[in-house]
Amino acid sequence: MTLESKYHKKPEEIEEELHWIQKAKQNPQHFAVLYEKYYKTIFLYLFRKVNDMDIAGDLCSEVFSKALSTIHSYEYKGVPYSAWLYRIAANEANMHFRKSNKRETICIDDTSIHLLNEDLQETNDENVYIKFLPQCMEKLKPDEVVLIQWRFFENKAFKEVGEIMNMTENNAKVKTYRILEKIRKWMLEMKGKNNE
Amino acid sequence: MSKYDIHKNKELPSDDEINKYKNFDKVMKKAAIYDYKQATKPIYKNVKVLSLIAVLVALGLIFLFENMDQDEETKQIKGQTDSVQIKKSIPEKDTMHTQSTVAPVINPVQAAHTTSGSATTQTSIQEEQTQATPTAASHTTSTVVLENTTAHFPGGEDALKSYLEKNIKYPYNAVESPYSGKVEVDLVIEKTGKVGTYTIYSSPNAAISNEINRVIKSMPDWKPAIKNNTAVATTVTVYFPFKYIGE
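Residues numbered from 1 in each chain as written. Chains lettered and ligands numbered in written order. Predicted model: local features only at pLDDT ≥ 70, side-chain atom pairs only at ≥ 80, totals over all residues. Heavy atoms only, no water.

Enquirer: Sorry, what's going on with helix α5 (residues 81–100) of chain A here?
Expert: Because the α-helix completes a turn every 3.6 residues, residues three or four places apart line up on one side. Residue and element names in this part refer to chain A. Helix length check: α5, at 20 residues, gives a terminal C-alpha distance of 29 Å against a target of 28 Å (1.5 Å per residue), a fit within 8%. Among the residues of α5, Tyr81, Ser82, Ala83, Leu85, Tyr86, Ile88, Ala89, Ala90, Glu92, Ala93, His96 and Phe97 are the ones counted as buried. Tucked into the core, α5 has its buried residues touching α2 (11–26), α3 (32–50), α4 (53–69), β1 (104–108), α8 (142–153) and α9 (158–164). Backbone geometry just after α5 places Asn101 at a positive phi near 60 degrees. (Helix = DSSP H or I, 4+ residues; strand = E, 2+ residues; numbered from the N terminus. Expected span 1.5 Å × (residues − 1). Buried < 20%, exposed > 50% of the residue type's maximum accessible area, 1.4 Å probe, protein only. Contact = heavy atoms within 4.5 Å.)

Enquirer: Please explain the packing of α4(A) against α5(A) as it appears in this structure.
Expert: What describes two packed helices is the angle between their axes and the distance between those same axes. Residue and element names in this part refer to chain A. At a minimum axis distance of 9 Å, the contact between α4 and α5 shows a crossing angle of 130 degrees. Classed by the angle they form, the pair α4 and α5 counts as oblique. The chirality of how α4 crosses α5 is right-handed. Residues Ile55, Leu59, Glu62, Val63, Phe64, Lys66 and Ala67 of α4 touch α5, and the partners they reach there are Tyr81, Leu85, Ile88, Ala89, Glu92, Met95 and His96. Within the contact of α4 with α5, the residues separate by chemical class into ten nonpolar, one polar and three charged. (Axes fitted to C-alpha atoms, helices over the stretch in contact; angles between N-to-C directions. Parallel < 35°, antiparallel > 145°, perpendicular 65-115°, else oblique. Left-handed = near helix turned anticlockwise from the far one by under 90°. Nonpolar A, V, L, I, M, F, W, Y, C, P; charged D, E, K, R; others polar.)

Enquirer: Is there a simple way to think about unusual backbone geometry in this case?
Expert: For residues other than glycine, phi is negative in most cases, and the peptide bonds are mostly trans. Residue and element names in this part refer to chain A. A positive phi angle is found at Asn101, which is not glycine, with a value near 60 degrees. Located in the positive-phi region is Gln121, a residue other than glycine, with phi close to 55 degrees. Residue classification places Gln121 among the exposed residues on the basis of a relative accessible area of 68%.

Enquirer: Explain the pattern of salt bridges to me, please; I cannot follow it from the model alone.
Expert: Proximity of charged atoms lets side chains of opposite charge pair with each other. All told, the structure shown has 20 salt bridges over all chains when counted by the stated rule. Between A:Asp119 and A:Arg151 there is a salt bridge, with its nearest N and O atoms 3.3 Å apart. Taken together, the positions of A:Asp119 in helix α6 (residues 110–120) and A:Arg151 in helix α8 put the pair 32 residues apart, joining distant regions of the chain. Each of the two residues, A:Asp119 as well as A:Arg151, counts as buried. Each of the salt bridges in this network shares a partner with another, and the network as a whole consists of A:Glu62, A:Lys66, A:Glu92 and B:Lys30. (Salt bridge = Lys/Arg side-chain N within 4 Å of Asp/Glu carboxyl O.)

Enquirer: Is there a simple way to explain the interface of chain B and chain A in this structure?
Expert: The accessible area lost on association of the parts is a frequent measure of interface size. Taken together, the contact pairs 28 residues of chain B with 42 residues of chain A. Each partner contributes to the roughly 3,400 Å² buried at the junction of chain B and chain A, and carbon and sulfur atoms together form 62% of this total. Contact with chain A buries surface across chain B, with B:Tyr4, B:Ile6 and B:Tyr21 losing the most and accounting together for 23% of the total. Linking chain B with chain A are six salt bridges, by the criterion used here. Between chain B and chain A we count 20 residue pairs in polar contact (both at pLDDT 80 or more) in total. Where the side of chain B that touches chain A is concerned, the elements lending two or more residues are β1 (4–8), α1 (15–19) and α2 (24–39) of chain B. (Buried area = accessible area lost by both parts, 1.4 Å probe. Polar contact = N/O pair within 3.5 Å; in protein donor to acceptor, adjacent residues only side chain to side chain.)

Enquirer: Where do I start with the sheet that holds strand β3 (residues 195–201) of chain B in this structure?
Expert: Working definition: the strands of a sheet are paired by backbone hydrogen bonds and lie parallel or antiparallel to each other. Residues and elements named next belong to chain B. The strand order across the open sheet formed by three strands is β3-β2-β6, and the pairing between neighbours is antiparallel. Two strands lie at the open edges of the sheet, namely β3 and β6 (234–242), each paired on one side alone. On average, adjacent strands in this sheet sit at an angle of 30 degrees to one another, irrespective of strand direction. (Pairing = 2+ DSSP bridges.)

Enquirer: Please explain a nonpolar patch on the surface as it appears in this structure.
Expert: All names here are of chain B. A cluster of nonpolar residues, Ile53, Val57, Leu61, Leu64, Phe65 and Met68, forms a patch on the protein surface that exposes about 580 Å² of accessible area. Relative to the elements of secondary structure, Met68 occurs in helix α3 (residues 47–79). Note on Met68: relative accessible area 45%, which makes it partly exposed. (Patch = residues over 30% accessible without salt bridge, like charges linked within 9 Å, V, L, I, M, F, W, Y side chains within 5 Å. Areas by Shrake-Rupley, 256 points an atom, 1.4 Å probe, with all protein chains shown as cover.)

This is how it looks when you write it as structure tokens:
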């Protein structure tokens, strides 16, 4: 089963979320339903980036507080509420790294390696990525970094990447493949230098 | 050293560990603080308000510069000198001005330029008896202040208007389409007061232009502009009115 078919939020599920969003607009207490639903997801996302439980806990609290305080301006567009939460979480993490000057963590797993190889059309060993990926990330522009993170470190389907980044699924695919072309080229150069 | 730390198959915390940080009450309290901060944000920090102010300031500046440009044009027409091309020959010596014949004035004359209908305004000149000065100058007159006036049609603005109305004959025999409106013409009024070269702007057709030519040729001499007691050539803008009275 590919990642694309795995991510499938049913329309009923998204509509049910809308129901709770509308209730939360009337009474903040109803936001608890969405909090329960997405708390773990957002916490783990932040933990993977900051690699610290306390900081992840603080940032997670910030994300949901900000989401709740801006619930009145949330516009339902037929996408899951998680896309909105992920966006806020990504911003919070960025702010944290800007202030603290700490290094950001990239967490990859077997799925990430599989996805990278599939999209790059390579058969690299995981050590290749462990060695060269951070350097490639440094060369990318900020919005390119974000795209790669969602696709390969969070293992998101292109549809979900598009929803989070407010672009179409196709647009997300096209941009990702362009970035991968660059990464492929850089990795070739790096591998070449490494073998010298 | 890289900005990124890479981990493979990082061990993730358990649900219990994650839930230790779960606190919805805290989230609600923080959200309320954010609401309060947003509601009490000083108006000068509000982006929408700041943008609106920026737009208003920009509009204000544009309006101001346009007004300044109009004032500049007014000043140029008042004080324009020989840099304007003059077709007819000008006497080399300025016979209009001799030191002994210049009439001194008491008050500085402020000439205002209007561009509607005619290009001049009347200025009042007061004559005063000459006074002896202790200078070694050969002339016996002393000017307390300098005379400055714009060129004007004899009789002034009203006279020019009625002259045009009386003398402009609409070229009904022309084949071109009818026209009603005012045609802008710049006339060079030479030092002598005679009309020199002129420029017709945006004439609708040749028949109208011909009529303008005819009226200008038969126009009486103007009173030339005076700058610092000296007659100078200037350009005036006159609007020639045409009215087609047809079926």
